[in-house]
Amino acid sequence: MGFKPAEHGYLIMAEGEFKAALMQEPDIEKWVRPFSMGGDFIKGDKRFCLWLVEEGWESIPYIQNRVLACEQWRSEQTKTGDAYKLKDVPHLFRQNKKFVDGLYLAVPAVSSEKRDYVPVGFVTNGMIPGNQLYVISNAELYHFGVMTSQFHNAWMRVVAGRLEMRYRYASDIVYNNFVWPDPTDEQRERVEACAQAVLDAREAHEGDSLAMMYDGISPMPADASESDLKKFDQRTYDDLLTAHRALDAAVEAAYGVDFGGDEERIVGHLLKLYVRATAGE
């Protein structure tokens, strides 16, 4: 899980706020990184944060003022909460020693139940993840392929919690209990090739958010409004859907089965693998 900010808006900035601050104080650019919660990641909303893990920012008045305001706010919060406990380090989010700065695979904690796939993706721009975004450090194309396949999403639909009706992904329940395939070299290469095809299809729709793309390839719910239906008809992601279907088949083959996308059989197979994997506990 990413970093919990607990900062009342003093360390995080919307895109417009960041641009205005940059005009006022150009020196802050070195100390600002992209920031995202799960919802931001899916919708493509841009936010930024003051990332002050190294020394040198103390001489910049704009940053000083925001840090002092954060310190004041945290000191006024409930003493048992995270915010108050961080009052002596008002320039930092809650520590996360498991985070490895660099390339990672991002998994939103909450996603719409109307989507066939939870939109996961690689992060390469130094974005700092919030606590509603899970992180898999040093992930490779193969891991992305399995994570974004029907196999993993079918498992998630059965074991994940819910926020209202939305899927609530959890590292301990969903990810840690998921039994990965044991592919041959050829099967792994096939998964990687199909995973790259998914990324290429996304790239072909540059400018569209993950929400737009993955709402577009999932069946429109029966209770959809007329405006939703109109938006759905105006946009097509057949190339992305085709890439996902090929990836689903490749991951099935990596598990040594051919269920033709039958989700009930997929879940049954994964449950058998889970029982086998935990039999000695």
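Refer to the preceding data block for the structure.
Residues numbered from 1 in each chain as written. Predicted model: local features only at pLDDT ≥ 70, side-chain atom pairs only at ≥ 80, totals over all residues. Heavy atoms only, no water.

1. Things to note about the pairing of strand S3 (residues 47-50)
One face of the sheet, then the other: side chains in a regular strand alternate in exactly this way. Bridge count between strand S1 (residues 12-14) and S3: three bridges; the pairing is antiparallel. For Ala-14, the partnering residue across the bridge sits in S3 and is Arg-47. (Pairing = 2+ DSSP bridges. Helix = DSSP H or I, 4+ residues; strand = E, 2+ residues; numbered from the N terminus.)

2. Topic: helix H11 (residues 238-254)
Think of an α-helix as 3.6 residues a turn; residues three or four steps apart then line up on the same face. Over its 17 residues, H11 extends 24 Å from the first C-alpha to the last, a length consistent with the 24 Å expected when each residue adds 1.5 Å. All of the buried residues in H11 are Leu-240, Ala-243, His-244, Leu-247, Asp-248, Ala-250, Val-251, Glu-252 and Ala-254. Packed against the buried residues of H11 are helix H5 (141-147), helix H6 (150-159), helix H8 (185-203), helix H9 (210-216) and helix H12 (263-277). The first or second residue beyond H11 is Gly-256, which carries a positive phi of 75°. (Expected span 1.5 Å × (residues − 1). Buried < 20%, exposed > 50% of the residue type's maximum accessible area, 1.4 Å probe, protein only. Contact = heavy atoms within 4.5 Å.)

3. Points about the pattern of salt bridges
This structure, assessed with the given rule, holds 13 salt bridges. Between Glu-164 and Arg-166 there is a salt bridge, with its nearest N and O atoms 3.1 Å apart. Note that Arg-188 and Glu-192 form a salt bridge whose closest N and O atoms lie 3.4 Å from each other. Of the two residues, Arg-188 and Glu-192 are both situated in helix H8; the distance of four residues between them amounts to about one turn of the helix. Assessed through its relative accessible area of 27%, Arg-188 is described here as partly exposed. It is possible to trace a salt-bridge network through shared partners that takes in Lys-4, Asp-82 and Arg-94. (Salt bridge = Lys/Arg side-chain N within 4 Å of Asp/Glu carboxyl O.)

4. Structural notes on the packing of aromatic side chains
Evaluation of the coordinates by the stated rule reveals 14 aromatic pairs. Measuring from centroid to centroid gives 6.0 Å for Tyr-134 and Tyr-169, while their planes differ by 55°, and the two rings are tilted. With a gap of 35 residues between them, Tyr-134 in strand S8 (residues 133-137) and Tyr-169 in the loop between strand S10 (166-168) and helix H7 (171-175) connect regions that are remote in the sequence. A relative accessible area of 5% places Tyr-169 in the buried class. Taking 6.1 Å as the distance between ring centres and 45° as the angle between the ring planes, the aromatic pair formed by Trp-155 and Tyr-274 counts as tilted. Here Trp-155 is found in helix H6, whereas its partner Tyr-274 is found in helix H12, with 119 residues between them in sequence. (Phe/Tyr/Trp six-rings, centres within 6.5 Å; stacked < 30°, edge-to-face > 60°.)

5. Considering the environment of Arg-115
Residue position: Arg-115 is located in the loop between strand S5 (110-111) and strand S6 (121-123). Overall, Arg-115 belongs to the buried group, its relative accessible area being 10%. The sequence separation of Arg-115 and Val-174 amounts to 59 residues, and the corresponding C-alpha distance is 17 Å. Not counting residues within four places of it along the chain, the set of residues in contact with Arg-115 comprises Ile-42, Arg-157, Tyr-167, Ala-211, Tyr-214, Asp-215 and Ser-218. Within the structure, the side chain of Arg-115 is placed 2.8 Å from the side chain of Asp-215, a separation counted as a polar contact. (Polar contact = N/O pair within 3.5 Å; in protein donor to acceptor, adjacent residues only side chain to side chain.)

6. Here we look at the sheet that holds S10
Whether parallel or antiparallel, the strands of a sheet pair through hydrogen bonds between backbone atoms. Taking strand neighbours across the sheet as the criterion, the three strands line up as S5-S10-S9 in an open arrangement whose pairing is antiparallel. Because the sheet does not close on itself, it has two edges, and the strands there are S5 and strand S9 (161-163). Two elements, S5 and S10, share two bridges in a ladder whose sense is antiparallel. Directly across from Val-110, in S10, lies its bridge partner Arg-168.

7. Focus on the packing of H6 against H12
Packed helices, taken two at a time, are described by the angle their axes make and the gap between the axes. Axis separation between H6 and H12 bottoms out at 9 Å; the angle between their running directions is 80°. Between H6 and H12, the angle falls in the class roughly perpendicular. For the pair H6 and H12, the contacting residues are Gln-150, Phe-151, Ala-154, Trp-155, Arg-157 and Val-158 in the first and Glu-263, Ile-266, Val-267, His-269, Leu-270, Leu-271 and Tyr-274 in the second. Each residue belonging to the contact of H6 with H12 can be placed in one class, and the counts come to nine nonpolar, two polar and two charged. (Axes fitted to C-alpha atoms, helices over the stretch in contact; angles between N-to-C directions. Parallel < 35°, antiparallel > 145°, perpendicular 65-115°, else oblique. Nonpolar A, V, L, I, M, F, W, Y, C, P; charged D, E, K, R; others polar.)

8. Examining the side chain of Ser-149
Inspection of the secondary structure assignment puts Ser-149 in the loop between H5 and H6. The buried category is assigned to Ser-149, whose relative accessible area is 0%. If sequence neighbours within four positions are ignored, Ser-149 has contacts with Tyr-117, Asp-248 and Val-251.

Keep in mind these values describe shape, not function.
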